[in-house]
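An overview of the molecular structure
This is what each chain is made of:
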Amino acid sequence: QVQLVESGGGLVQAGGSLRLSCAASGFTISIYRMGWFRQAPGKEREFVSTITWGGGTTDYAEAVKGRFTIPREYAKNTVYLQMNSQKPEDTAVYYCAARVVPGDGRRAYEYNYWGQGTRVTASS
């Protein structure tokens, strides 16, 4: 089992920056990939970014490419979502997820573990 705890959400003005954290605990050696997803009110959960835990290969949704990054601190079992140049459309609940099987990181249903979510509001 892997437990994920997100933190760092809050209110930010458009154009501002915010950093989310996701700390993993438990059987973390099993993690192949970590990801961030978000769900805006009335919308489906969507892919934001992902990173392979060992190799550090990253991928980003087109909507956030060039604005968000997904650094990780391997020794702390923590992955971050650095969000810059925020837009009102970034407003959502952000979820951290972990996948233990190798493969693509864009599909939510392929992740095995999820955090509780942290709310981000980007005001115009």
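As a reminder, the structure under discussion sits directly above these lines.
Residues numbered from 1 in each chain as written. Predicted model: local features only at pLDDT ≥ 70, side-chain atom pairs only at ≥ 80, totals over all residues. Heavy atoms only, no water.

Brief notes about the overall build of the protein
When its secondary structure is counted, the protein shows zero helices and 12 strands. In the protein, the succession of helices and strands from N to C terminus is β-β-β-β-β-β-β-β-β-β-β-β. The C-alpha radius of gyration of the protein comes to 13 Å, within 12% of the 14 Å expected for a compact globule of 124 residues. Within the span of the protein, comprising 124 residues, buried residues form 45% of the whole. Long-range contacts, defined as pairs at least 24 residues apart, comprise 56% of the intrachain contacts of the protein with a sequence gap of at least 6. Total accessible area computed for the protein in this model is approximately 6,200 Å², and 49% of it derives from carbon and sulfur atoms. Taking the average place of the 14 positive charges on the side chains of the protein and the average place of its 10 negative ones, the gap between the two points comes to 3 Å. (Helix = DSSP H or I, 4+ residues; strand = E, 2+ residues; numbered from the N terminus. Rg over C-alpha atoms; globule rule 2.2 N^0.38 Å. Buried < 20%, exposed > 50% of the residue type's maximum accessible area, 1.4 Å probe, protein only. Contact = heavy atoms within 4.5 Å. Areas by Shrake-Rupley, 256 points an atom, 1.4 Å probe, with all protein chains shown as cover. Lys, Arg positive; Asp, Glu negative; His and termini not counted. Charge placed at Lys NZ, Arg CZ, Asp CG, Glu CD.)

Re the environment of Gly-35
Here Gly-35 shows up in strand β4 (residues 33-39). Owing to a relative accessible area of 1%, Gly-35 belongs among the buried residues under this scheme. Between the alpha carbons of Gly-35 and Asn-84 there is a distance of 18 Å; along the sequence they are 49 residues apart. Setting aside anything within four residues of it in sequence, one finds Gly-35 in contact with Ser-49, Thr-50, Tyr-95, Cys-96, Ala-97 and Tyr-111.

Section: the state of the cysteines
Counted under the stated rule, the structure contains one disulfide. Across a sulfur-sulfur distance of 2.0 Å, Cys-22 and Cys-96 are joined as a disulfide pair. In this structure the cystine formed by Cys-22 and Cys-96 twists about its S-S bond by roughly -75°; its chirality is therefore left-handed. Note that Cys-22 is positioned in strand β3 (residues 18-26) and Cys-96 in strand β10 (residues 92-99), a separation of 74 residues in sequence. Take Cys-96: its relative accessible area is 0%, and that puts it in the buried class. (Disulfide = S-S within 2.5 Å.)

Topic: the environment of Tyr-80
In this fold, Tyr-80 is placed in strand β9 (residues 78-83). Looking at Tyr-80, the relative accessible area reads 7%, which means it is buried. Here the alpha-carbon distance between Tyr-80 and Cys-22, two residues 58 residues apart in the chain, equals 6.1 Å. Among residues more than four places away in sequence, those in contact with Tyr-80 are Arg-19, Leu-20, Ser-21, Trp-36, Thr-69, Ile-70, Pro-71, Arg-72 and Glu-73. Separated by 2.4 Å, the side chains of Tyr-80 and Glu-73 make a polar contact. (Polar contact = N/O pair within 3.5 Å; in protein donor to acceptor, adjacent residues only side chain to side chain.)

A short note on the pattern of salt bridges
Close approach of charged atoms allows side chains of opposite charge to pair. Within this structure, the stated rule accounts for eight salt bridges. Across the pair Arg-38 and Asp-90 runs a salt bridge whose closest N-O atoms are separated by 2.9 Å. Here the residue Arg-38 occupies a position in strand β4, and Asp-90 occupies one in the loop between β9 and β10, the gap between them amounting to 52 residues. The closest approach of N and O atoms between Arg-67 and Asp-90, which form a salt bridge, is 2.7 Å. Pair noted here: Arg-67 is in the loop between β6 (58-60) and β7 (68-69) and Asp-90 is in the loop between β9 and β10, with a separation of 23 residues, a long-range link. The residues Arg-67 and Asp-90 share a single accessibility class, namely buried. (Salt bridge = Lys/Arg side-chain N within 4 Å of Asp/Glu carboxyl O.)

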